[in-house]
Amino acid sequence: MAKIVTGVAGFIGFSVARALLEDGETVIGIDIVNDYYDVRLKQARLRILEAYPGFTFHCRDLADQSLVAFITERHTDVTEIIHLAAQAGVRYSLINPYAYVQSNIQAHVVMLELARALPGLRNFVYASSSSVYGGNKESPFSIDHPVTRPISLYAATKRADELISYTYSHLFKIPTIGLRFFTVYGPWGRPDMATFLFTDAILAGRPIEVFNNGEMWRDFTFIDDIVAGIRAAHLRPPPPDADGVRQTVYNLGNHRPEKLMDMISIIEQTLGRKAEIKFRPMQPGDVPSSCADIESSRRDLGFEPKTNISEGLPRFIAWYREYYQR
Ligand SMILES: NC(=O)c1ccc[n+]([C@@H]2O[C@H](COP(=O)([O-])OP(=O)(O)OC[C@H]3O[C@@H](n4cnc5c(N)ncnc54)[C@H](O)[C@@H]3O)[C@@H](O)[C@H]2O)c1
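This one's a predicted model, so the numbers in the text were calculated from it and none came from an experiment.

Focus on the overall build of the chain
Broken down by element type, the chain carries 10 helices and 13 strands. At 19 Å, the chain has a C-alpha radius of gyration in line with the 20 Å of a compact globule built from 326 residues. C-alpha extents for the chain along the principal axes are approximately 55 × 45 × 35 Å. Residues counted as buried form 45% of the 326 residues belonging to the chain.

With respect to the packing of helix H4 (residues 97-117) against helix H5 (residues 153-172)
Where H4 contacts H5, the two axes come as close as 10 Å, and the packing angle between them is 15 degrees. When the axis of H4 is compared with that of H5, the two are roughly parallel. Crossing hand, H4 versus H5: right-handed. Two secondary-structure elements touch here, H4 through Pro 97, Tyr 100, Val 101, Asn 104, Ile 105, His 108, Val 109, Leu 112 and Arg 116 and H5 through Leu 153, Tyr 154, Thr 157, Lys 158, Ala 160, Asp 161, Ile 164, Ser 165, Tyr 168 and Phe 172. Residues of the contact of H4 with H5, tallied by class, amount to 12 nonpolar, 4 polar and 3 charged.

Things to note about helix H10 (residues 309-324)
Over its 16 residues, H10 runs 21 Å from end to end, which matches the ideal 22 Å to within 8%, given 1.5 Å per residue. Here H10 has its buried residues at Ile 309, Gly 312, Leu 313, Phe 316 and Tyr 320. Angular distribution of buried residues about the axis of H10 spans 95 degrees; they occupy a single face of the element. When the buried face of H10 is taken as reference, the exposed residues oriented beyond 90 degrees from it are Glu 311, Ala 318 and Glu 322. Turning to H10, the residues buried within the fold contact strand S7 (184-185), helix H6 (194-204), strand S10 (221-222), strand S12 (258-259) and helix H8 (260-271).

Comments concerning the packing of helix H1 (residues 11-22) against helix H2 (residues 39-50)
Orientation of H1 relative to H2, taken along the N-to-C sense of each, is 10 degrees, at an axis distance of 10 Å. Classified by the angle between their axes, H1 and H2 sit roughly parallel to one another. Between H1, through Phe 14, Ala 17, Arg 18 and Leu 21, and H2, the contact on the second element is made entirely by Arg 45, Ile 48 and Leu 49.

Section: the nonpolar core
General note: in soluble globular proteins, nonpolar side chains tend to be found buried as a group. Membership of the largest hydrophobic core comes to 85 residues, with the highest contact counts inside it found for Val 16, Ala 17, Val 125 and Leu 179. Sequence-distant contacts of Leu 179, that is, excluding residues within four places in its chain, are made with Val 125, Ala 127, Ser 128, Gly 229, Ile 230, Ala 233, Tyr 250 and Leu 252.

Let's talk about the site of the ligand
Of all residues adjacent to the ligand, which total 28 residues, the nearest are Gly 7, Gly 10, Ala 86, Ser 103 and Ala 127. Counting residues per element, the shell around the ligand draws most heavily on H1, which supplies 3 residues. Of the residues in the shell around the ligand, the class split is 16 nonpolar, 8 polar and 4 charged.

A closer look at the environment of Ile 12
Tracing the backbone through its elements, the reader meets Ile 12 in helix H1. As for Ile 12 and Asp 192, which are separated by 180 residues in sequence, their C-alpha atoms are 14 Å apart. The residues contacting Ile 12, other than those within four sequence positions of it, are Gly 7, Leu 84, Val 184 and Ile 226.

Re the sheet that holds strand S4 (residues 78-83)
Here 7 strands make up an open sheet; going across it, the order is S3-S2-S1-S4-S5-S6-S11 and the pairing parallel. Edge positions in the sheet fall to strand S3 (55-58) and strand S11 (247-252), since each of these pairs with one other strand and no more. Taken pair by pair, the neighbouring strands of this sheet meet at an average axis angle of 20 degrees, ignoring direction. Both strand S1 (residues 2-6) and strand S2 (residues 27-30) contribute to a ladder of 4 bridges, which runs parallel. Along S2, the bridge assignment pairs Thr 6 with Ile 30. Contacting S1, S2, S3 and S4, H1 crosses the sheet at an angle of about 160 degrees to S1.

Quick word on H2
Its 12 residues place the ends of H2 16 Å apart at the C-alpha level, agreeing with the 16 Å of an ideal helix rising 1.5 Å per residue. Among the residues of H2, those classed as buried are Leu 41, Lys 42, Arg 45 and Leu 49. Along the long axis of H2, the arc covered by the buried residues comes to 100 degrees, so they all point the same way. In H2, the exposed positions angled more than 90 degrees off the buried face are occupied by Val 39, Arg 40, Gln 43, Arg 47 and Glu 50. Lining the buried residues of H2 we find H1, S2 and S3.

Criteria and thresholds
Residue positions within a chain follow its written sequence, with the count starting from 1. Residue-level local features of this predicted model are given only where pLDDT is at least 70; pairs of side-chain atoms are given and counted only at 80 or more, and the full residue set underlies all totals for whole chains, interfaces and linings. What counts as a helix is a DSSP run of H or I of at least four residues, what counts as a strand is a run of E of at least two, and both are numbered from the N terminus. The atom set for the radius of gyration is the C-alpha atoms, and the globule formula is 2.2 Å times the number of residues raised to the power 0.38. Put simply, a residue is buried when 20 or more other C-beta atoms lie within 10 Å of its own C-beta and exposed when 12 or fewer do; between those, it is partly exposed, and each C-beta is set from the backbone. In this analysis an axis means a line fitted to C-alpha atoms, helices contributing only their contacting stretch, and an angle means the value between N-to-C directions, from 0 to 180 degrees. In these notes the angle categories are as follows: under 35 degrees is roughly parallel, over 145 is roughly antiparallel, 65 to 115 is roughly perpendicular, and the rest is oblique. Two helices crossing with the near one rotated counterclockwise from the far one by less than a right angle form a left-handed crossing, whereas a clockwise rotation gives a right-handed crossing. Here, residue contact means that the backbone-derived C-beta atoms of the two residues sit within 7 Å. Any residue outside Ala, Val, Leu, Ile, Met, Phe, Trp, Tyr, Cys, Pro, Asp, Glu, Lys and Arg is labelled polar, Gly included; the first ten of those are nonpolar and the last four are charged. What a helix should span is 1.5 Å times the count of its residues minus one. What the arc covers is the set of directions going from the helix axis to the C-beta atoms. Put simply, a nonpolar core is a cluster of buried Ala, Val, Leu, Ile, Met, Phe, Trp, Tyr and Cys residues tied together by C-beta atoms within 7 Å. Residues are counted as near a molecule or strand when the C-beta atom, derived from backbone positions, lies within 6 Å of that molecule or strand. When DSSP locates at least two bridges between a pair of strands, those strands are taken to pair.

As structure tokens, this is what we get:
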């Protein structure tokens, strides 16, 4: 029995794959290892995974339809797909929209076609995002809220993934679970995200850019909590809903929004340095605050986030300083 993890050279995919491999699971990792951010960081993650005997890696573009035959000819024993590859980032979706259509929509359909073609598949879990809540005013964000106002193309592609997954669950009886992640951070994190950018800039003595004049709140979620949520979800195919369709979505967030300025203070204290802050207006596509309602994730997945930013940020910074020797 094997599990496919896509986006395995990425932050969350790597973290999930490593946890599974630590427990002796067999993992087939797929990633194109693109250069959206420093490829060396992705290669370093892959080197760690390649040390486990249960790991097989395929460097492939998920948007390429021939992937379905490529995988089914080689791997007949796949029981779960954990699909985390995507073009991430809200701001970049204003610059390079086609990358999002390719990697988030075309690739998502290819992965669902792969799910159809795998005879022993029990569950298809995929990454959605808190950004699907877009212009929602009600907080905390609940999976019962309508999500019809995506305010970035990134958000629209993630919402499209949820709708397309519903269709595949309905038509082909594939159990699917979409996980709406809320601002994930931690060791091996993504260089385009605030915790990483701020740490890097403060250590280099460069100013940091803070949007909406610091009036921003984020439900920062530590990577270990996200990994626990994904692992719980992938072993629990959803029961049929009232129409007999086995699909659902969950929020995976910390349920505790933190003010951006407080997050910066913890980074400053941990580094022992003051940030030079340049306040900027709100960015197009961004939302001022996020907070996850995690009632259904708690109930169905036993999801219980354990790490707040006063513990998680020092753990991220300890990794950063060791990895970059700074
Ligand atoms: N990190 C967060 O805070 C966060 C929040 C919400 C949702 N998400 C979602 O979680 C998932 C994982 O995010 P992450 O932070 O690990 O991002 P990441 O950028 O570190 O990892 C994504 C990986 O997918 C790969 N990839 C992209 N397009 C591909 C393609 N066409 N074929 C094969 N591989 C491809 C990239 O090379 C990369 O290694 C993504 O779907 C992202 O949208 C992340």
